[in-house]
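# Secondary and tertiary structure notes
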Amino acid sequence: MYKAERTKNVVSGTRGIVYKEALRVQAEGNKVLKMNTGNPAAFGFPVPDSLKKAIAEATEKAAAYSESTGIKEAKEAILAYDLGKGFKNISVNDIFLGNGVSELAEMICSAMIDPGDEVLCPCPNYNLWTNSVLLAEGKPVFYECFEEKNWMPDADEIESHVTDKTKVIVIINPNNPTGALYSDELLLKICDVARRHGLVIFADEIYDRLLMDGAKHSSIAALAPDIPVMTFNGLSKSHIVCGFRCGWMTASGFTGKDGEEFKTVLETLSSVRLCSNTFAQFCVPAALADPVYTVEMMSPGGRIYERREATINAVNEAEYLSVVKNTGALYCFVRIDPERVHIKDGDDKQFAMEMVRDKHVMVVPGSGFDYPKPNYFRVVMLPEPEELAKAIKDIDDFCRTYDEKHYH
Ligand SMILES: Cc1ncc(COP(=O)(O)O)c(C=O)c1O
């Protein structure tokens, strides 16, 4: 009676029933390793000194509501960052700050999606995007990311889903949950699809600074200045301040009268919620002037790099698990051998909940990322390397007992 119909299919992948089970097992007095969100501060990662200083200096200034789309200093820093990545024909007026990419995802969908509009989303998918489309009464349509192609999608396969209702292609690069970084060749092909069918691209690039092994990130907006692209970024991951709620989006390629009208809608929606967290906005110039913090943690000897190594090595030693080594983000998407561990379709949450009870290790199963195959889960590379290695071993052991219990 009270529920709006549009909430019917909205689910949280990372804080759903498996997480609730983890909290229950924890409340019974057990220590549970909760690897459900990419929340580095929760695992003891320190706030960079550059940001601590920016916050201390902002105390008085941050007390007032700011300009709705964001403070000038933050926008100028973002503009310089975007131009440095090769964006063309943008100004501070194309930048909109928000309470994390999460708020902006809902805002952009409210601004652009009409009931029934189709939005192409990756599968697996960080389901902020599908949820935001559903809340705007749009229809998420999945394109596949292929494990055998290092979790990259295929532009022809994406194009096969285009209909006369398709409005947007969402790409998450580097990707959550797979940690895949997309090649320029692939990005250019996706641009061709968008160009051919007059589609908008939403590019979630929140992990663009979280790269390993010398990898370089290309922003799709820079590769195709002629296409309307909304690029999303923020400080949650690169500067370990998820709780500050600091994100932004940059509109590029929205030209002509339609483009101007659309940006006016974004200004209006920004004003409706007055402004985003001002402390976080004051951190943006300091954070973007401090790329070292991120680079260090992603380099050999750095916190994320060493955790990635520990995870991949442990999976490679496991009996039932395998993984594509990720070059970006904080995650990898692990495969459980379906020939040897028989998890039935639709049972992956059950599998994860039993594992929480048995091993006190919590991971998000593939269905938390709208992935239909039941034999996948995401590892968050944030606990200490030894803890991660032990967790992978526990998961591997659990696979054996699960199969004995449920199949033999
Ligand atoms: C791909 C992706 N986009 C957006 C977000 C949310 O970011 P924010 O903290 O800026 O809301 C996350 C968080 O995990 C994410 O993985």
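First, a word on what this report is: a plain description of the structure on this page. What you are looking at is a predicted structure, and each value in this text was computed from that prediction instead of being measured.

Parameters at a glance
- Residues numbered from 1 in each chain as written.
- Predicted model: local features only at pLDDT ≥ 70, side-chain atom pairs only at ≥ 80, totals over all residues.
- Heavy atoms only, no water.
- Helix = DSSP H or I, 4+ residues; strand = E, 2+ residues; numbered from the N terminus.
- Rg over C-alpha atoms; globule rule 2.2 N^0.38 Å.
- Contact = heavy atoms within 4.5 Å.
- Salt bridge = Lys/Arg side-chain N within 4 Å of Asp/Glu carboxyl O.
- Buried < 20%, exposed > 50% of the residue type's maximum accessible area, 1.4 Å probe, protein only.
- Polar contact = N/O pair within 3.5 Å; in protein donor to acceptor, adjacent residues only side chain to side chain.

## Digging into the overall build of the protein
Regarding its fold elements, the protein presents 14 helices and 13 strands. Taking 2.2 N^0.38 as the reference for a compact globule, 408 residues should give roughly 22 Å; the C-alpha atoms of the protein span a radius of gyration of 21 Å, in line with that estimate. With respect to the principal axes defined by its C-alpha atoms, the protein has extents near 65 × 50 × 50 Å. Contacts in the protein between residues far apart in sequence, at least 24 positions, make up 75% of those at least 6 positions apart.

## Some thoughts on the pattern of salt bridges
Scanning the entire structure with this criterion turns up 32 salt bridges. The partner of E28 in a salt bridge is R24, with the nearest N and O atoms 2.7 Å apart. Classification of E28 as exposed rests on a relative accessible area of 53%. Among the salt bridges present, the one from E354 reaches K405, with a minimum N-O distance of 3.6 Å. Here K405 lies in helix α14 (residues 385–406) and E354 lies in helix α13 (residues 348–359), a separation of 51 residues in the sequence.

## Re the environment of F244
The residue F244 is located in the loop between β8 (229–234) and β9 (247–252) in this model. Taking the C-alpha atoms as reference points, F244 and F398, separated by 154 residues in sequence, lie 37 Å from one another. When near neighbours in sequence (up to four residues on either side) are disregarded, F244 contacts I55, N277, A280 and C283.

## Comments concerning the side chain of S66
By secondary structure assignment, the location of S66 is in the loop between α2 (49–58) and α3 (72–84). On the basis of relative accessibility, which here comes to 16%, the residue S66 falls in the buried class. A distance of 3.1 Å separates the side chain of S66 from the side chain of Q281, its partner in a polar contact.

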